[in-house]
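In case you want the letters, here they are:
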Amino acid sequence: MTGELRRRVAVALAAAVVLGFLGVFFAWPVAAIIGLGVRGDVGAVLAEPATWRLVGFTLGQAAASTAVALLCGLPLAYVLARLVLPGTGLLRVAVTVPFVLPTIVVGMAFRALFGADGGVLPIVLANAFFNVAVVARTVSGLWGHLDRRMEDAARSLGAGRLRTFTSVTLPALLPALGSAAAVVFLFSATSFGVVLVLGGGRLRTLETEIYLRTVQLLDLPGAAALSLLQLVAVVAALLVATIARRRRETALRLRAPATTARPPQGAEWWIVGLAGAVLCGLLAPIASLLVRSVSTRDGWGLAGYRALLGTGQPGTLEVTGLEAALNSVRTAVDATWMALLLGLLASFVLVAVRRRFVAESLDLALMLPLGVSAVTVGFGYLITLGSLPGELRTSPLLVPFAQALVVTPLVIRTVLPVLRAIDDRLRQAAATLGAGPWRVRREIDFPLAVRSVLAAAGFGFVVALGEFGATSFLARPDAPTLPVAIARLLGRPGELNSQLAYAACALLMVVTVLGVVLIERLRVGTDAVEDF
């Protein structure tokens with residue numbers, strides 16, 4: 001067998017493993033939901049005025065959250081991309097932390113800030129808080145590559161700062177802004193934990209309504225019809241994001257970021273001030289959560305943290321808070337190694353495939369699980385996986401499988417840019433000197449990509465640790481993860497339950513922050529525009 005034939009066989013086997021997993025654990029459950037929705041009385045569901053009120057609120061709060069995230073993210077993007085300031089690394093960590101916080105922790109943080117009644121404003125602000133990092137990092141990745149000389153030329157011809165921004169900078173940033181807006185809108189429209197905690201049972205989106213109809217009302221056809229409606233909206237948003245990203249990839253790569261950043265001058269200090277105000281806004285809910293976790297009726301105390309060794313008020317949990325935390329760690333570890341395996345195989349395939357159309361189609365298919373509602377996927381598992389042999393639907397591996405599906409696209413997005421940035425001449429030189437394909441990968445690719453792989457592992461672990469949408473469907477009552485346990489504690493009255501829930505949120509948040517710090521230390525920069 002020739003070297004080229006061995007390479008093609010290896011690529012085909014890797015693609016078969018990745019697509020097989022995607023087919024069984026994503027396409028099949030989602031197709032089953034679509035089929036259930038089509039077979040049910042979709043017309044009756046769509047004819048209900050309540051359905052369109054749900055659609056209106058879902059889209060309205062997502063649009064408002066997107067607008068707030070864009071307004072807050074732009075000053076941060078400018079500071080990260082264009083200014084040289086001390087503490088930029090800490091700013092990058094502080095901006096990233098909200099995005100990887102478990103959604104239920106974000107909901108609890110805003111509940112601590114605004115009170116238990118919730119409302120539309122806390123939901124909008126919480127979704128914006130969660131997604132400011134998407135805007136800041138996506139736009140700054142492009143802004144840092146824009147050539148300042150174009151703006152300087154406009155200023156020298158008499159244009160003011162505002163006209164220079166609107167006529168030179170903003171048009172160049174529109175692809176990144178469009179891509180970020182589409183992603184933020186998508187995440188806000190499918191927000192689950194935030195709306196569940198802050199909606200107070202009065203405010204519902206399609207995502208929470210699907211959950212309630214499935215778990216409480218047992219209205220599976222109605223839930224499937226709503227899932228179908230939501231799926232159409234999600235696919236439309238993904239297509240917009242893909243088109244915007246393609247425009248961004250073909251339009252830029254002008255200057256290295258190091259050549260466009262400089263110390264702030266003149267009016268740029270106002271932008272620094274705005275970025276500082278946004279940073280304070282990001283830190284306020286986190287601080288409120290930490291304060292609430294040590295607040296008791298009698299003053300300050302650690303009753304909530306001590307309660308982690310118990311099960312809350314009688315009859316609330318079947319396991320202690322500590323056991324729920326250990327369940328979270330175990331499932332996150334399993335999900336991480338699964339996602340790493342799948343993500344590395346997928347990255348290997350995407351680098352090896354030489355036809356651009358095939359590579360782009362495969363890339364889009366691999367990103368779909370990131371956009372489709374986790375609640376829809378979890379619902380799909382309930383109605384499909386019972387058909388497989390081995391009682392998979394009750395297996396402890398079911399939750400890691402669902403979490404790996406969410407984490408794998410993030411692994412690909414972290415590792416793939418680095419693999420593509422490796423100069424192929426290095427591989428060719430090694431092959432010319434007699435190294436086989438596997439030795440080339442071991443000696444060339446692995447040493448250059450290992451830091452990104454470790455960063456992807458850390459990113460995947462913290463995301464899996466806080467995954468709530470699919471896990472809330474699949475976790476058994478005797479083996480809940482910590483986010484699921486928090487949701488159950490919130491659904492029961494009692495001061496001890498409340499204190500335990502806030503302490504568990506604080507614990508999750510500390511672990512997440514440590515994970516983000518590790519990721520930032522391991523992150524590898526490339527000359528390509530940064531992909532969030």
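Before reading on, note that the structure itself is shown above.
All of the points below concern the structure found in this document. (Residues numbered from 1 in each chain as written. Predicted model: local features only at pLDDT ≥ 70, side-chain atom pairs only at ≥ 80, totals over all residues. Heavy atoms only, no water.)

### Some remarks on the overall build of the protein chain
Then comes step 1: Summing up its helical and strand segments, the protein chain has 22 helices and 2 strands in all.
Then comes step 2: A compact globule built from 532 residues should have a C-alpha radius of gyration of about 24 Å, and the protein chain, at 24 Å, falls within 12% of that.
Then comes step 3: Here the C-alpha coordinates of the protein chain stretch approximately 65 × 65 × 50 Å along the principal axes.
Then comes step 4: Counting every position in the protein chain, which comprises 532 residues, the buried fraction comes to 52%.
Then comes step 5: Look at the contacts in the protein chain between residues 6 or more apart in sequence, and 82% of them connect residues 24 or more apart.
Then comes step 6: About 23,400 Å² of surface is accessible on the protein chain, with carbon and sulfur atoms providing 67% of the total.
Then comes step 7: Looking at the protein chain, you have 45 positive and 30 negative side-chain charges, and the mean spots of the two groups are 6 Å apart. (Helix = DSSP H or I, 4+ residues; strand = E, 2+ residues; numbered from the N terminus. Rg over C-alpha atoms; globule rule 2.2 N^0.38 Å. Buried < 20%, exposed > 50% of the residue type's maximum accessible area, 1.4 Å probe, protein only. Contact = heavy atoms within 4.5 Å. Areas by Shrake-Rupley, 256 points an atom, 1.4 Å probe, with all protein chains shown as cover. Lys, Arg positive; Asp, Glu negative; His and termini not counted. Charge placed at Lys NZ, Arg CZ, Asp CG, Glu CD.)

### Brief notes about the nonpolar core
Then comes step 1: Of all hydrophobic cores here, the largest spans 159 residues; its most connected members are Leu-76, Leu-366, Tyr-381 and Ile-486.
Then comes step 2: Ranked by residue count, the leading element in this core is helix H17 (residues 398-421), at 15 residues.
Then comes step 3: Not counting chain neighbours up to four residues away, the residues in contact with Tyr-381 comprise Phe-25, Pro-29, Arg-393, Leu-398, Phe-401, Ala-402, Leu-405 and Leu-474. (Core = buried A, V, L, I, M, F, W, Y, C linked by side-chain atoms within 4.5 Å.)

### As for the packing of helix H14 (residues 321-352) against helix H21 (residues 482-490)
Then comes step 1: Following both chains from N to C, one finds H14 and H21 inclined at 140°, their axes separated by 8 Å at the closest point. Contacts from Gly-321, Ala-324, Ala-325 and Ser-328 in H14 reach Leu-482, Pro-483 and Ala-485 in H21.
Then comes step 2: Looking at the contact of H14 with H21, its residues break down into 5 nonpolar, 2 polar and no charged. (Axes fitted to C-alpha atoms, helices over the stretch in contact; angles between N-to-C directions. Nonpolar A, V, L, I, M, F, W, Y, C, P; charged D, E, K, R; others polar.)

### A look at helix H7 (residues 148-156)
Then comes step 1: All of the buried residues along H7 are Arg-148, Glu-151 and Ala-154. With its buried residues spanning 120° around the axis, H7 presents them on a single face. Of the exposed residues in H7, the ones pointing more than 90 degrees away from its buried face are Arg-149 and Ser-156.
Then comes step 2: Looking at the residues trailing H7, positive phi occurs at Gly-158, about 105°. (Arc of directions from axis to C-beta.)

### Points about the side chain of Thr-512
Then comes step 1: Mapped onto the elements, Thr-512 comes out in helix H22 (residues 495-522).
Then comes step 2: With a relative accessible area of 0%, Thr-512 lands in the buried category.
Then comes step 3: Excluding anything up to four places from it in sequence, Thr-512 contacts Val-100, Leu-101, Pro-102 and Val-462.

### Remarks on the pattern of salt bridges
Then comes step 1: This model, assessed by the stated rule, comprises 7 salt bridges.
Then comes step 2: In this structure, Glu-48 and Arg-213 form a salt bridge, with 3.7 Å as the shortest nitrogen-oxygen distance. Linking Glu-48 in the loop between helix H2 (42-47) and helix H3 (49-82) with Arg-213 in helix H10 (residues 206-215), this pair joins segments that are 165 residues apart in sequence.
Then comes step 3: Of the residues examined, Glu-48 reaches a relative accessible area of 31% and is grouped as partly exposed.
Then comes step 4: Given the relative accessible area of 10%, Arg-213 is considered buried.
Then comes step 5: In this structure, Glu-209 engages Arg-204 in a salt bridge whose closest nitrogen and oxygen atoms are separated by 3.2 Å.
Then comes step 6: For Arg-204, a relative accessible area of 34% translates into the label partly exposed.
Then comes step 7: One salt-bridge network, held together by shared partners, links Glu-48, Arg-204, Glu-209 and Arg-213. (Salt bridge = Lys/Arg side-chain N within 4 Å of Asp/Glu carboxyl O.)

### Some points on the environment of Asn-327
Then comes step 1: For Asn-327, the position within the fold is in helix H14.
Then comes step 2: Taking the C-alpha atoms as reference points, Asn-327 and Gly-460, separated by 133 residues in sequence, lie 16 Å from one another.

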